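# Coordinates in review
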Amino acid sequence: MTHTDPKPLGGEQSSTPGTSLPAANSPASDERLTQTPEGAVEQKGPGSPGQVVAIQGAPVVPEGAMTVQRAPGSEDGQEGNPGALPVIAVRDLTKVYILGGKTRVPALQGVSLEVYPGEFVAIMGPSGSGKSTFMNLVGCLDRPTQGEYWLAGNLVSRLSTDKLASVRNRLVGFVFQGFNLLGRATALRNVALPMVYAGLSRRERERRARIVLQLVGLGDRVHHKPAELSGGQQQRVAIARALINGPALLLADEPTGNLDSHTSVEIMGVLQALNEQGLTIVLVTHDPNIAQYARRRVTFLDGRVVRDEPVPNPRSALEEWNALMNPPAIEGEGAMKEVSS
Ligand SMILES: Nc1ncnc2c1ncn2[C@@H]1O[C@H](COP(=O)(O)OP(=O)(O)OP(=O)(O)O)[C@@H](O)[C@H]1O
Ligand SMILES: [Mg+2]
């Protein structure tokens, strides 16, 4: 088998295919990491660490890799995605936390929602409205008090904790505000870590981690530890780690919350590029500007969904990043110079 590494961003344009996103942990995903599929990693923008990934290629969406039962209503699909099986289908999901053995905190009060393959959804809402609780449930980190949750066609809401962990490892990638990287480990080791249970040799794990780090534009930073990376680069490492097992779903809870506005554009560019390749993304943000990079906006209030709407004319992080890096010449600038000299 041959393998062509993805080209680093901002460098030469690839005439040979690069790699595409790994799909869900399956024989197919292994192939994707070791062969040279149709998709290519295209580089745009400057070849600096502050680069934005643009990935082209066929959508890579796991097709119900471990389908057991079909989610209700999935036959209809969504506009633009007819017949697709929802990646997320929740029905009347509730979550009540019990504090001190008796105080009930109703964090989710009957949420029903579907998210289809290739969607990019921004979840908004005031503090305490249940956004993180929802993300923890759809990310299989926690179980609902009531209601159903179908993940990529699997009814997961009643799985045991062990089975839930196994589904989570296979189908979900997480990105958090605080990056959550191991401080003493290199980027390579951080990204390779989730593969530790996959029964692969260390060499193979690191080979794959290197590919995904190249995919997010960090091929030249693999031996750096988090403290030796910028905030944006650390978040790229976290994104690479989230992608390493080929998830069906990427969940990001305030991924730009610790980043300045330039770096936020950079990270949104990475997420948009991954989404364009077919990755389903659900992102929580407080920032309405960040939500504009998504294609759908869902608003929570008091544990309920109060709005669910498409984002009209989503912003393009890649275009904005390129404009930031190559500002257009100011009209009349030459004349000004002439006048002042
Ligand atoms: N582990 C917990 N135990 C008890 N109550 C909790 C727990 N986690 C969250 N809550 C409560 O559940 C409600 C929803 O919290 P959640 O963290 O989902 O809100 P959020 O929308 O993510 O807020 P923020 O924007 O501040 O992150 C809040 O009232 C919160 O206090
Ligand atoms: Mg939260």
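Bear in mind that the values here come from a model prediction, so they are computed numbers and not experimental data.

Close contacts around ligand 1 come from Tyr97, Leu99, Val105, Ala107, Gly125, Ser127, Gly128, Ser129, Gly130, Lys131, Ser132 and Thr133, and that covers them all. Broken down by secondary-structure element, the contributors of at least two residues to the shell around ligand 1 are β5 (88-99), β6 (103-115) and α2 (131-138). Per element, the largest residue contribution to the shell around ligand 1 is 3 residues, and it comes from α2. In the shell around ligand 1, the residues fall into 4 nonpolar, 7 polar and 1 charged.

We now examine unusual backbone geometry. With phi around 55°, Glu254 is a residue other than glycine that occupies positive phi space. Along the polypeptide, Glu254 turns up in the loop between β11 (249-253) and α7 (261-276). Given 20 C-beta atoms within 10 Å, Glu254 falls into the buried group. We note that Asn313 has phi near 50°; this positive angle belongs to a residue other than glycine.

Judged from the 10 bridges that link them, β5 and β6 form a sheet pairing that is antiparallel. Across the sheet, the residue bridging to Thr94 is Gln109, located in β6. Between β5 and the antiparallel strand that follows it, β6, lie 3 residues; Gly100 among them carries a positive phi value of about 60°. One ladder, built from 5 bridges, connects β5 with strand β8 (residues 146-151); its direction is antiparallel.

The subject of this paragraph is the packing of helix α6 (residues 231-243) against α7. Contact geometry of α6 with α7 gives a least axis separation of 9 Å together with a crossing angle of 20°. The angle between the axes of α6 and α7 places the two elements in the roughly parallel class. The element α6 and its partner α7 pack so that their crossing is right-handed. Facing Gly231, Gly232, Gln235, Arg236 and Ile239 of α6, the residues of α7 in contact are Thr263, Glu266, Ile267 and Val270. Residue composition of the contact of α6 with α7, by class: 3 nonpolar, 4 polar and 2 charged.

As a further point, take the sheet that holds β11. Taken together, 6 strands build an open sheet; the order of strands is β10-β11-β12-β7-β13-β14 and the sheet is mixed. Two strands lie at the open edges of the sheet, namely β10 (172-176) and β14 (304-310), each paired on one side alone. Each adjacent strand pair in this sheet contributes to an overall mean axis angle of 20°, direction not counted. When strand β13 (residues 296-301) meets β14, the two strands line up antiparallel, connected through 6 bridges. Paired with Arg297 across the bridge in β14 is Glu309.

Let us look at the sheet that holds β5. One open sheet holds the 4 strands; their spatial order is β6-β5-β8-β9, and the pairing between them is antiparallel. The open sheet is flanked by β6 and β9 (154-155), the only strands paired with a single partner. Taken together, the 2 bridges between β8 and β9 define a ladder with antiparallel strand orientation. Across the sheet, the residue bridging to Trp150 is Leu155, located in β9. Strands β5, β6 and β8 of the sheet are contacted by α2, whose axis makes an angle of about 115° with β5.

Before going further, it helps to spend a moment on the confidence of the model for the protein chain. For the protein chain, the mean per-residue pLDDT works out to 78, and 72% of the residues sit at or above 70. Contacts for the low-pLDDT stretch residues 1-20, under 50 throughout, to residues beyond four places or in other chains number 66 contacts. The low-confidence segment residues 334-341, where pLDDT is below 50, has 0 contacts with residues more than four positions distant or belonging to other chains.

With that settled, consider helix α9 (residues 317-325). Of all the positions in α9, only Ala317, Leu318 and Trp321 are classed as buried. Down the axis of α9, the sector holding all buried residues measures 100°, keeping them to one side.

Further remarks concern the nonpolar core. Of all hydrophobic cores here, the largest spans 81 residues; its most connected members are Ile123, Val191, Val212 and Ala240. Counting residues per element, this core draws most heavily on α7, which supplies 7 residues. Setting aside chain neighbours within four positions, we find Val191 in contact with Ala209, Val212, Leu213, Val237, Ala240, Arg241 and Ile244.

Bringing the environment of Ala198 into the picture now. Relative to the elements of secondary structure, Ala198 occurs in the loop between α4 (187-192) and α5 (202-215). Here Ala198 falls in the partly exposed class, since 15 other C-beta atoms lie within 10 Å of it. Taking the C-alpha atoms as reference, Ala198 lies 9.8 Å from Asn169; in sequence the two are 29 residues apart.

Here we come to the environment of Asn275. Structurally, the position occupied by Asn275 is in helix α7. C-alpha of Asn275 to C-alpha of Pro117: the two residues are 158 residues apart in sequence and 9.7 Å apart in space.

Moving on to the pairing of β13. Inspection of the sheet shows strand β7 (residues 120-124) paired to β13 by 4 bridges, in the parallel sense. Paired with Ile123 across the two strands is Val298, which belongs to β13.

Cut-offs applied
Residues numbered from 1 in each chain as written. Chains lettered and ligands numbered in written order. Predicted model: local features only at pLDDT ≥ 70, side-chain atom pairs only at ≥ 80, totals over all residues. Near = placed C-beta within 6 Å. Helix = DSSP H or I, 4+ residues; strand = E, 2+ residues; numbered from the N terminus. Nonpolar A, V, L, I, M, F, W, Y, C, P; charged D, E, K, R; others polar. Buried ≥ 20, exposed ≤ 12 C-beta atoms within 10 Å, placed from the backbone. Pairing = 2+ DSSP bridges. Axes fitted to C-alpha atoms, helices over the stretch in contact; angles between N-to-C directions. Parallel < 35°, antiparallel > 145°, perpendicular 65-115°, else oblique. Left-handed = near helix turned anticlockwise from the far one by under 90°. Contact = placed C-beta atoms within 7 Å. pLDDT = per-residue confidence, 0-100. Arc of directions from axis to C-beta. Core = buried A, V, L, I, M, F, W, Y, C linked by C-beta atoms within 7 Å.

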